[in-house]
Amino acid sequence: MKGIVFTEFLELVEARFSPAVTDRLIAGADLPSGGAYTAVGTYDHAELVQLVTRLSTATGIAVPDLLRAFGQHLFGRFVLGYPQLFESTSSVFGFLAGIEGYIHVEVRKLYPDAELPHFDCALAGPNRLTLTYQSTRPFAAFAEGLILGCIEHFGERIELHHEDLSSGQGTAARFSLIRQG
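Every chain is numbered on its own, with residues counted from 1 as its sequence reads. The model is predicted, so local features are restricted to residues of pLDDT at least 70 and side-chain atom pairs to those at 80 or more, both for listing and for counting; the totals for chains, interfaces and linings are taken over all residues. Just so you know, side-chain values use all the structure's heavy atoms and leave hydrogens and water out.

(A) Representation of the overall build of the protein. When its secondary structure is counted, the protein shows 7 helices and 4 strands. The numbering of helices and of strands both runs from the N terminus, where a helix is a DSSP run of H or I of at least 4 residues and a strand a run of E of at least 2. Scanning the protein from its N terminus toward the C terminus, one meets helices and strands in the order α-α-α-α-α-α-β-β-α-β-β. To get the radius of gyration, use the C-alpha atoms; to get the globule rule, take the number of residues to the power 0.38 and multiply by 2.2 Å. The C-alpha atoms of the protein give a radius of gyration of 16 Å, which matches the 16 Å a tight globule of 181 residues would have. Dimensions of the protein, computed from the C-alpha atoms along their principal axes, are close to 50 × 35 × 30 Å. Any two residues having at least one pair of non-hydrogen atoms within 4.5 Å are treated as being in contact. The long-range share in the protein, meaning contacts at least 24 apart out of those at least 6 apart in sequence, stands at 60%. Charge convention: Lys and Arg are scored as positive, Asp and Glu as negative, and His as well as the terminal groups of each chain are ignored. Think of each charge as sitting on NZ of Lys, CZ of Arg, CG of Asp or CD of Glu. Once the 13 positive and 20 negative side-chain charges of the protein are each reduced to a mean point, those two points are 4 Å apart.

(B) Molecular detail of the layout of surface pockets. With a 1 Å grid spanning the protein atoms alone, the term cavity applies to any set of points in which a 1.4 Å probe fits but cannot get out, the term pocket to an open set with protein on both sides within 12 Å along at least five of seven lines, and the term lining residue to any residue with an atom within 4 Å of a point. Grid points are joined across faces, edges and corners, and a volume is the space filled by probe spheres set on the points. Its boundaries defined by the atoms lining it, the largest pocket holds a volume of some 780 Å³. As for the largest pocket, its lining consists of 36 residues, of which F78, H104, L116, P117 and L146 are closest to the centre. Under this grouping Gly is polar, as are all residues other than the nonpolar Ala, Val, Leu, Ile, Met, Phe, Trp, Tyr, Cys and Pro and the charged Asp, Glu, Lys and Arg. A class-by-class count of the residues in the lining of the largest pocket yields 28 nonpolar, 4 polar and 4 charged. Approximately 150 Å³ is the volume found for the second largest pocket.

(C) Expanded view of the packing of helix α3 (residues 45-59) against helix α4 (residues 63-81). In this analysis an axis means a line fitted to C-alpha atoms, helices contributing only their contacting stretch, and an angle means the value between N-to-C directions, from 0 to 180 degrees. Following both chains from N to C, one finds α3 and α4 inclined at 115 degrees, their axes separated by 9 Å at the closest point. If you check the angle between α3 and α4, you find them roughly perpendicular. Crossing of α3 over α4 shows right-handed handedness. Residue-level contacts link V52, T53, L55, S56 and T59 of α3 to V63, L66 and L67 of α4. In terms of residue class, the contact of α3 with α4 is built from 5 nonpolar, 3 polar and no charged. For classification purposes, an angle smaller than 35 degrees is called roughly parallel, one larger than 145 roughly antiparallel, one from 65 to 115 roughly perpendicular, and anything else oblique. The sense of a crossing depends on the near helix, which, turned anticlockwise from the far helix by less than a right angle, makes the crossing left-handed and, turned clockwise, makes it right-handed.

Interpretation note: all reported values are geometric properties and have no functional meaning in isolation.
Encoded structure:
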C-alpha cells in the first residue's frame, strides 16, 4: 500500500484527536516499518489495519466508521493534491464511472507498483449507478468513505447504499447510488 495513505491517515489522527494519540498509536504498535512512512514508499496494508484497530480501541469508534471518515478525508486531499484527476468530469457518476479506465490508469502512472482494488461500474439510467468493489484488502468501508467524499466534492444529492459481499471481511461490496431530484 502506498505511503501516502499512511501519511494522510496519521495526519488525520493528529488533526482530529491529537499528536499524543498519534504517538501512542505508533509507539504501541508492532509495525515492521516502525511507523516511519514516506508518501512514495510502499508498506504492508496490515500496518494500516493495525493502526486503525488500535485507534478504534483508544477512541471507542468502530473500525468501519474510522475507515469511512478516513476515506472522506483522503478524497479531499486527492482533490487538492491531484486536481488534474478531477478536470475531465463534473459529476459523481462521471467520476466514479471513470475509476478503472482513467483514475486507476493515472494512479499507475504516478505509482507503477500500486496494488489497487477493482471496481465494476454499471449505470442503470441517468439517476442510478452501481459500483462493485473487490480487493484482497479489507477496505470496503474505506472505499465507501472515498465515495462519500466524492459526493461531497461534487455537491450532488445522492443516496448511497452499501451491501457487503464478503461475509463481513470488507473485501467486496456493492455500492448503489441514487441521484435525488
